[in-house]
Amino acid sequence: MASMQRTPPTASSIANNTPSANKRLRSDWESNVPQADDEDVQSVSLEGIMRTMMKQFAETRQLIDTVRSEINNQIVAVKTELKCDIESLKVECTEKFQQQDAALESLEKRVDNVSQTLGALANRNELIISGIPFQNDERLNTVLEDISKHLDINRSSLLAAARRMAPSSSSDKNSLFVVEFALKSTRDQFYSAYLRKRDLKLKHIGMDSDRRIYINESLTVEARNLKSAALNLKKAGKLTSVYTKHGVVHVKSATGGPFNTVRSEDELDKFS
């Protein structure tokens, strides 16, 4: 029995056995501590990554929406500004076009006036006599003397020559007389005498007829067409009087008022 009794460890034996004892103690502790499963670790890591990614996606999407909204706002602002600029430009261009049109219209009227004035100056010493039928043995100077006598004008003082214009057709027996005066003053005297009487007929030149003879100024083509249109308005009751003076057409409205000078169809249309 004495031989089986354990001998207590000495300090040296404890020192010599310390590494192995520590190792054994660590092993026992690790075996008793619960260890995390690899699948649990992997699951936790994936969930964290997914949460992080979803958060980043949300932040990115919000940033994209913010940028898109800012870009749209800028586009709307630019479109609004461009629209305002375009509208302003349209208004400015319209005003300039209107000014140009007005200037061109004014220039056209001035050109027409100058053209009519020049035409009137070219014909300023002439008068046109119409309504006298052609005769084979006619003497125009004798016809002019008979007209002057009826108008109480001294024929010798007129210094005028008469000629027939070419007829508009072979059947036209009433081609016009052109009377050209040496002086405009005598031409005006002759024409004024006619306007005062307004009673010149074929019987006054030796023909058996009460048909009227008409004396008018020698007009340009434009003025003649304008006078013809004015006479149509007179027949329609829109005008009460139409006459020409110095190659320019004058009309009087049926509604009253003074005589008005018309130099274009646009001006005449105001009375239609």
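Residues numbered from 1 in each chain as written. Predicted model: local features only at pLDDT ≥ 70, side-chain atom pairs only at ≥ 80, totals over all residues. Heavy atoms only, no water.

### So, the overall build of the protein chain
Here is the rule we go by: A run of DSSP states H or I qualifies as a helix once it reaches four residues; a run of E qualifies as a strand once it reaches two. Both are numbered from the N-terminal end. Burial classes: relative accessible area under 20% of the type maximum marks a residue as buried, over 50% as exposed, and values in between as partly exposed (1.4 Å probe, protein chains only). A 1.4 Å probe and the Shrake-Rupley method give the accessible areas. Residues count as covered only by the protein chains that appear here.
Secondary structure summary: the protein chain contains six helices and seven strands in total. Reading the helices (α) and strands (β) of the protein chain from amino to carboxyl end gives α-α-β-α-β-β-α-β-α-β-β-β-α. In the protein chain, buried positions account for 24% of the 272 residues. For the protein chain, the accessible area works out to roughly 19,800 Å², and carbon and sulfur atoms hold 53% of it.

### Details of the sheet that holds strand S6 (residues 248-253)
The pairing of strands in a sheet comes from backbone hydrogen bonds and takes either a parallel or an antiparallel form. Counted only if it meets this: For two strands to be treated as a pair, DSSP must find no fewer than two bridges joining them. With axes taken as lines fitted to C-alpha atoms, and helix axes fitted only over the stretch in contact, angles between N-to-C directions fall between 0 and 180 degrees.
In spatial order, the strands read S5-S6-S7; together these three strands make up an open sheet with antiparallel pairing. The open sheet has two edge strands, strand S5 (239-245) and strand S7 (260-262), and neither has a second partner. The sheet shows a mean angle of 30° between the axes of neighbouring strands, direction not considered. Direction of pairing for S6 relative to S7: antiparallel, over a ladder of three bridges. The partner of Val249 across the bridge, within S7, is Val262.

### Some details on the packing of aromatic side chains
By convention here, two paired aromatic rings are described through the distance between centres and the angle between planes. Stated precisely, the cut-off is as follows: Note on aromatic contacts: the rings of Phe and Tyr and the six-membered ring of Trp form a pair at centre separations within 6.5 Å, being stacked when their planes are under 30 degrees apart, edge-to-face when over 60 apart, and tilted otherwise.
Inspection of every chain in the model, using the stated rule, returns three aromatic pairs. The interplanar angle of 15° and the centroid separation of 6.5 Å between the aromatic rings of Tyr191 and Tyr194 together place this pair among those described as stacked. With Tyr191 and Tyr194 both in helix H4 (residues 184-197), this residue pair falls three residues apart, about one helical turn. For Tyr194, a relative accessible area of 2% puts it in the buried group. For the pair Tyr243 and Phe259, a centre-to-centre distance of 5.1 Å together with 80° between the ring planes defines the contact as edge-to-face. Taken together, the positions of Tyr243 in strand S5 and Phe259 in the loop between S6 and S7 put the pair 16 residues apart, joining distant regions of the chain.

### Side note on a nonpolar patch on the surface
Stated formally: In this analysis, a patch consists of residues with relative accessible area above 30% that form no salt bridge, clustered at 9 Å for like charges and at 5 Å for the nonpolar side chains Val, Leu, Ile, Met, Phe, Trp and Tyr. Any Lys or Arg side-chain nitrogen found within 4 Å of a carboxyl oxygen on Asp or Glu counts as a salt bridge.
A grouping of Leu46, Ile49, Met50, Met53, Met54 and Phe57 is seen on the molecular surface, where their side chains present a nonpolar patch of about 600 Å² in accessible area. The residue Leu46 is located in helix H2 (residues 38-122) in this model. Taking the relative accessible area as the measure of exposure, Leu46 reaches 48% and is therefore partly exposed.

### Notes on H4
Heads up, the condition is: One fewer than the residue count of a helix, multiplied by 1.5 Å, yields its expected span. Whether two residues touch is decided by their heavy atoms; if any such pair falls within 4.5 Å, the residues are in contact.
Compared with an ideal rise of 1.5 Å per residue, which puts 14 residues at 20 Å, H4 spans 20 Å between its outermost C-alpha atoms and is within 8% of the ideal. Lys184, Thr186, Arg187, Phe190, Tyr191, Ala193 and Tyr194 are the residues of H4 that are buried. Lining the buried residues of H4 we find strand S1 (126-130), helix H3 (140-150), strand S3 (177-181), strand S4 (214-217) and S5. Remark: Arg198 follows H4 within two positions and exhibits a positive phi of approximately 55°.

### What about the pairing of S6?
Taken across its six residues, S6 has five buried, putting it largely inside the fold. Note that S5 and S6 share six bridges and pair antiparallel. Counterpart to Lys245 in the pairing with S6 is Val248. Taking the residues between adjacent antiparallel strands as the criterion, S5 and S6 are bridged by two residues, where His246 takes a positive phi near 55°. Linking two consecutive strands that pair antiparallel, namely S6 and S7, is a turn of six residues; a positive phi of about 105° is found at Gly256 within it.

### Let's talk about helix H5 (residues 221-235)
Selection criterion: Each direction from the helix axis to a C-beta atom contributes to the arc, which is the arc of those directions.
If you check H5, its first and last C-alpha atoms are 21 Å apart, about what 15 residues at 1.5 Å a residue would give, namely 21 Å. Residues Ala223, Leu226, Lys227, Ala230 and Leu233 constitute the buried set of H5. Each buried residue of H5 sits inside an arc of 115° when the element is viewed along its axis, so together they form one side. Of the surrounding secondary structure, the elements contacted by the buried residues of H5 are S4, S5, S6, S7 and helix H6 (265-269). Gly237 sits one or two positions beyond H5 and adopts a positive phi of about 85°.

### A word on unusual backbone geometry
The backbone phi angle of Asp152 is positive, close to 60°, even though this residue is not glycine. Turning to its location among the elements, Asp152 is positioned in the loop between H3 and strand S2 (160-164). What makes Asp152 exposed here is its relative accessible area of 63%. Phi at His246 is positive, roughly 55°, even though this residue is not glycine. Topologically, His246 is positioned in the loop between S5 and S6. On the accessibility criterion, His246 (43% relative accessible area) is partly exposed.

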